[in-house]
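Residues per chain, in single letters:
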Amino acid sequence: MNTVAVTGTNGKTTASWLIRGVLEQAGELTGMIGSIEHALAEHQLLPDGKLWKPQVDDPAAGRECSSPFSLTPYRGRYSVEETTPNGLQMQQLLAGMRDRGATAAVVECTACGLAGGSADWVEPNIVVYTNTGDNPAELQLFGSKQEYLDSMLELLRSLKDPQQQRAVINADDDQFAAAAAAASAVPRVTYGINNPTADVRAESIELTLWQTTIIVDTPIGKLEIITNLVGRHNVYSVLAAVAVGVLLNLPLAEIGAGIEAVQVIPGRCEVVNNVLDLPLEVEDVQGLQQQSNLPRDFPVVVDAADTPQRLAAVLDALREAGAERIFTVFGCDGVVSPACAAKAAWRCSCVARGSPVQLADGAEP
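The present account deals with the structure reproduced in this document. (Residues numbered from 1 in each chain as written. Predicted model: local features only at pLDDT ≥ 70, side-chain atom pairs only at ≥ 80, totals over all residues. Heavy atoms only, no water.)

Quick look at the sheet that holds strand β6 (residues 126-129)
The strands making up a sheet associate through hydrogen bonds between their backbones, and the pairing can be parallel or antiparallel.
Phase 1: Ordered by their spatial adjacency, eleven strands build an open sheet running β4-β3-β2-β5-β1-β6-β7-β8-β9-β10-β11, and the pairing between neighbours is mixed. Each of the sheet's edge strands pairs with one partner strand only, and the pair in question is β4 (43-44) and β11 (221-227).
Phase 2: Of the pairings in the sheet, the one linking strand β9 (residues 200-207) to strand β10 (residues 212-218) comprises six bridges and is antiparallel in character. Note on β10: the bridge partner recorded for Ala-202 is Val-216.
Phase 3: Relative to the sheet, helix α2 (residues 87-99) contacts β2 (30-33), β3 (38-40) and β5 (104-109), its axis offset from that of β2 by approximately 160°.
Phase 4: The strands touched by helix α5 (residues 145-157) are β1 (2-7), β5, β6 and β7 (166-170); relative to β6, the strand with the most contacts, the crossing angle is about 150°. (Pairing = 2+ DSSP bridges. Helix = DSSP H or I, 4+ residues; strand = E, 2+ residues; numbered from the N terminus. Contact = heavy atoms within 4.5 Å. Axes fitted to C-alpha atoms, helices over the stretch in contact; angles between N-to-C directions.)

Notes on the packing of aromatic side chains
Phase 1: Inspection of every chain in the model, using the stated rule, returns two aromatic pairs.
Phase 2: For the pair Trp-52 and Tyr-78, a centre-to-centre distance of 5.2 Å together with 70° between the ring planes defines the contact as edge-to-face. Of this pair, Trp-52 sits in the loop between β4 and α2 while Tyr-78 sits in the loop between β4 and α2, and the two are 26 residues apart along the sequence.
Phase 3: For the ring pair Phe-142 and Tyr-148, a centre distance of 5.6 Å and an interplane angle of 70° mean the geometry is edge-to-face.
Phase 4: Sitting over the face of the ring of Trp-17, Arg-20 holds its NZ or CZ atom 4.5 Å from the ring centroid. (Phe/Tyr/Trp six-rings, centres within 6.5 Å; stacked < 30°, edge-to-face > 60°. Lys NZ or Arg CZ within 6 Å of the ring centre and 35° of its normal.)

This is the structure:
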């Protein structure tokens, strides 16, 4: 079973979902271990590798959007407690996938999970390194930022077999040289936007609030990808998935089709229904627009940004994609830092990025 491990500070989930799309397009029965779900194809898995079965009916099943002015309860719905499970659960999940016929698996690997030994007995065929940034929730668990970085680089250092193993590295990242040195024992494919030496590079990028169009230059030719993912930061995840496809010797058309087949990644710059799509009467919609002085066509974007830095990055991406006015709703439960200080940091991020209107909640928005 071919295994692709994805590590880094940001972009792991998005890159993992796109890589799964490429593998499935190539005909692989692909498992996933990550922050949104542990799954094999459409079947979600428990941490012990067994199939998850809902205990109650999902009230949102079959619906494409939430109903206005109502909350959908989460009780009984599938959730993942740890992005990277412990070492035993990791093996149980991979074994459960293999026993059900999986031919490939994509595994998200957090710095904390790697430091805890979750991937010690995983031998990935490909390791994808996305970037190294600031994640206060993870950094506070390490003695220094260097220890935090080393925990992720150790996964690259574990690659020893140049015949069976490969590395995919972000050439635009500040720690690119360290990552490349860590993976020096195996062939590498690099990707990037700004670094002209990257093997897989975005030749042109067209950003809008609804989709992103990318012309990608690769060692085997060029391809155009149109994705529903919004923002320049998501371009990097697309390029990482292309690089994996190139390493697997897949045709460019197949790589592009696999990426474009991933229509939605929950909570990753996810564009949900705008005001015209809500089940309101026509006169209600017109009245809402008159009261708010909003344009008739605007996106509502949901993102899982869980730090002020990540929120700032999302707001920057939306501004670059053409947003003139941004209304921000964020949650702050005070877990990472005291609630008052945390809310102040979130608000500063919003104001600095041109979103002067914010609504702060005590939990997830």
